[in-house]
Amino acid sequence: MSSGHVALTSPEALHVTGIRKSFGALEVLKGIDLTAMQGDVIAIIGGSGSGKSTFLRCLNFLEHPSAGTVRINGEEIALARDGHGNLAPSSGAQLRRIRSRLAMVFQGFNLWTHMTLLENVIEAPVRVLGLERKDAVWQAEALLDRVGLGHKIHEYPSFLSGGQQQRAAIARALAVDPHAMLFDEPTSALDPELVGEVLKVIRGLAEEGRTLVLVTHEMGFARDVANQVVFLHNGRIEEQGPPAELFGRPKSERLGRFLGNF
Amino acid sequence: MSQLAKPVIDADVTEVQAQVRPPALGRWGWLVLAAFAVYAAASMRWDWLASYYPKLLWGLWTTLWLLVVTTALGLVLAIGLGIAQAAGPRWLALPARVFCTVIRGTPLLLQLWLLYYGLGALFAANPEIRQSALWPVLRQAWPYAVLALTMSYAAYEGEVMRGAFLGIAKGQLEAAQSFGMTRWHIFRRIWLPQAFRRALPTLVGETILQLKATPLVATITVMDIYSVAAQVRQATYLTYEPLILISVVYVLIALLIQRAFAAFTKTHQTRSPR
């Protein structure tokens, strides 16, 4: 199930328009547009309840938006109304194909607890992308080595620290050679002393030109690594631009106040 | 693809149970058993064993295969009942729940008789079934024993599996979804293995209970080991000896079940999350 003959890359890694999402009467996202060009590193910041995580989850349809369009790597995801008035992908096959190259890293790591790190990393390449097991293992060893876990490949997640688990989860995400990577507060569940090791790995990904969209509370990191920062407030983009601008001269009062908290 | 499961808090309640091992016999237990064996051999009558042992062995075989077959079939059915209740559409979840409730709420003996005397009589009254190729099987008692025992195991374990499926952390499934896995793939590779590990500690007890339910089949003419012992009692007027013998046999099988599960658990459940 490789992308084979279709154009491998479009200049736009990700392009979404008019994303809205309501939970009952509560409208969490009120129309969000975002474009990530290849190699962009976009940091989404905002207070709790601003809708950042919900927005990220709408990109791979773990959450079904109420309105909007999503185009990944030039391909628009076909949508249809589901029974709850939300938009659900109308083709399961298309959704799975797009998801398979749009890796997500979760706040709670979500490594599969019954599998070793190696098994976690090769699962999707072998069983979703159809890679030869031997090649997948070889690749997984290299990736786990890269995130500093080469000596732990046969360990189970529960025997590792949070930082190690998150690095393994990043290796798992890298194993599908993603077009873009989504990070949902990747360091929020970590003890402070473990944050650095994970950020270092993510920084490495940014430096090698990968397209990253990350929801984060690490302002210093966003400032250093992102080339675009999006400030969400109450389900809307309040301010958006290069980090030097947003952090250096916030235009909106809300952003100024938000940054003042750090 | 929609969400696979309703949101669940990832409380690892069953992980605690996993640590609790059923008590084994232990050194003193074996010693007491040995002392009793010596006493029994010396002062009780065992001469009937010479003429009855082929029947006893055959009865033992019947008990064992009934146990193994109904446990295996019941477990497969339980997985279906569990997932139907945990994540199935309403038209599947409701019948599954009713099935579990009714079977768990009525005596196994009653179910056995309803199947054997009720269903069996209906079959016998139907000429089409009487002439079918299945009749030589359906006119025997064991199919009804297998059915009743299987349903019983499935209902109890189906309830456990329901909880085990719901108990899995939602993020485990979301991670699988986010990699583009199909529903079936997620079920088979992520959800079921984790749910099964959670249910494993209950399987030992449930299987031993199943063993102890097997003598009921004697009431519908299946010749298990209990039924052979009852025959011996009638033929020899001995009260205790046959019962003591099969008690020992049941204890030994129960110990065997514990050993087997302990070995299996050791290889499959050394990794508890966190």
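- As named in an unreviewed UniProt entry, chain B is ABC transporter permease subunit, taken from Paracoccus limosus.
- Here chain B is described in UniProt, under the heading Sequence similarities (unreviewed entry), as follows: "Belongs to the binding-protein-dependent transport system permease family. HisMQ subfamily."

- For chain A, the name recorded in an unreviewed UniProt entry is ATP-binding cassette domain-containing protein, with Paracoccus limosus as its organism.
- Taken verbatim from the UniProt record of chain A, the Sequence similarities (unreviewed entry) comment is "Belongs to the ABC transporter superfamily."

### Structural notes on the overall build of chain B
Phase 1: Secondary structure summary: chain B contains 12 helices and zero strands in total.
Phase 2: Going from N to C terminus, chain B has its helices and strands arranged as α-α-α-α-α-α-α-α-α-α-α-α.
Phase 3: Buried positions account for 43% of the 274 residues belonging to chain B.
Phase 4: Intrachain contacts of chain B at a sequence separation of at least 6 include 82% that bridge at least 24 residues.

### Description of the interface of chain A and chain B
Phase 1: Contact with chain A, which involves 31 residues of that partner, is made by 27 residues of chain B.
Phase 2: Here chain A packs against chain B, burying approximately 2,500 Å² in sum over the two surfaces, 56% of which is carbon and sulfur.
Phase 3: Along the contact surface separating chain A from chain B lie two salt bridges.
Phase 4: With a closest N to O distance of 2.7 Å, Arg189(B) and Glu123(A) form a salt bridge.
Phase 5: In this assembly, chain A and chain B are joined by 11 residue pairs in polar contact (both at pLDDT 80 or more).

### Some details on the UniProt feature "transmembrane region" (unreviewed entry) in chain B
Phase 1: When the UniProt feature table is mapped to this numbering, "transmembrane region" (unreviewed entry) covers residues 28-46, 58-88, 108-125 and 243-264 of chain B.
Phase 2: When the span residues 108-125 of chain B is considered, its composition is 100% helix and 0% strand, and the gap between its end C-alpha atoms is 25 Å.

### Here we look at the pattern of salt bridges
Side-chain pairs of opposite charge can arise where the charged atoms are in close proximity.
Phase 1: For the structure shown, the criterion picks out 18 salt bridges over all chains.
Phase 2: For the salt bridge of Glu27(A) with Arg20(A), the shortest nitrogen-to-oxygen distance reads 2.8 Å.
Phase 3: Arg57(A) serves as the salt-bridge partner of Glu63(A), at 3.2 Å between the closest nitrogen and oxygen.
Phase 4: The exposure class assigned to Glu63(A) is buried, which follows from its relative accessible area of 17%.
Phase 5: What emerges from the salt-bridge pattern is a single network uniting Arg57(A), Glu63(A), Lys170(B) and Glu174(B).

### Some words on the sheet that holds strand β2 (residues 26-37) of chain A
Residue and element names in this part refer to chain A.
Phase 1: The strand order β2-β1-β4-β5 describes an open sheet built from four strands, whose pairing is antiparallel. Strand pairing shows two members of the sheet lacking a second neighbour, β2 and β5 (75-76), which therefore form its edges.
Phase 2: Across five bridges, strand β1 (residues 12-23) lies against strand β4 (residues 67-72) in antiparallel orientation. Paired with Val-16 across the bridge in β4 is Val-70.
Phase 3: Across the face of the sheet, helix α1 (residues 52-59) comes into contact with β1, β2 and β4 while running at roughly 120° to β1.

### What about the sheet that holds strand β10 (residues 212-215) of chain A?
Residues and elements named next belong to chain A.
Phase 1: The six strands lie next to each other as β8-β9-β10-β3-β11-β12, forming an open sheet whose pairing is mixed. Among the strands making up the open sheet, the edge pair consists of β8 (102-105) and β12 (236-241). The sheet shows a mean angle of 20° between the axes of neighbouring strands, taken without regard to direction.
Phase 2: Where strand β11 (residues 228-233) and β12 come together, five bridges link them in antiparallel fashion. Among the inter-strand pairings, Val-229 is bridged to a residue of β12, identified as Gly-241.
Phase 3: Along the sheet, helix α6 (residues 192-207) contacts β3 (41-46), β9 (180-184) and β10; its crossing angle with β10, the most-contacted strand, is approximately 150°.

### Some details on the side chain of Glu241(B)
Residue and element names in this part refer to chain B.
Phase 1: Position of Glu-241 relative to the elements: it lies in helix α12 (residues 240-268).
Phase 2: Buried charge without a partner: Glu-241 forms no salt bridge, and the closest opposite charge is Arg-45, 6.3 Å away.
Phase 3: In this structure the side chain of Glu-241 is engaged in a polar contact, spanning 3.1 Å, whose partner is the backbone nitrogen of Arg-45.

### Some words on the confidence of the model for chain B
Residue and element names in this part refer to chain B.
Phase 1: Scored by pLDDT, chain B comes out at a mean of 87, with 89% of its residues at no less than 70.
Phase 2: Below a pLDDT of 50 lies the segment residues 1-20, which in the model reaches 50 contacts outside its immediate sequence neighbourhood of four places, other chains included.
Phase 3: The ipTM assigned to the predicted complex is 0.92, against a pTM of 0.84.

Quick notes on the rules
- Residues numbered from 1 in each chain as written.
- Chains lettered and ligands numbered in written order.
- Predicted model: local features only at pLDDT ≥ 70, side-chain atom pairs only at ≥ 80, totals over all residues.
- Heavy atoms only, no water.
- UniProt positions renumbered as here; feature names shortened; annotations may be inferred.
- Helix = DSSP H or I, 4+ residues; strand = E, 2+ residues; numbered from the N terminus.
- Buried < 20%, exposed > 50% of the residue type's maximum accessible area, 1.4 Å probe, protein only.
- Contact = heavy atoms within 4.5 Å.
- Buried area = accessible area lost by both parts, 1.4 Å probe.
- Salt bridge = Lys/Arg side-chain N within 4 Å of Asp/Glu carboxyl O.
- Polar contact = N/O pair within 3.5 Å; in protein donor to acceptor, adjacent residues only side chain to side chain.
- Pairing = 2+ DSSP bridges.
- Axes fitted to C-alpha atoms, helices over the stretch in contact; angles between N-to-C directions.
- Lys, Arg positive; Asp, Glu negative; His and termini not counted.
- pLDDT = per-residue confidence, 0-100.

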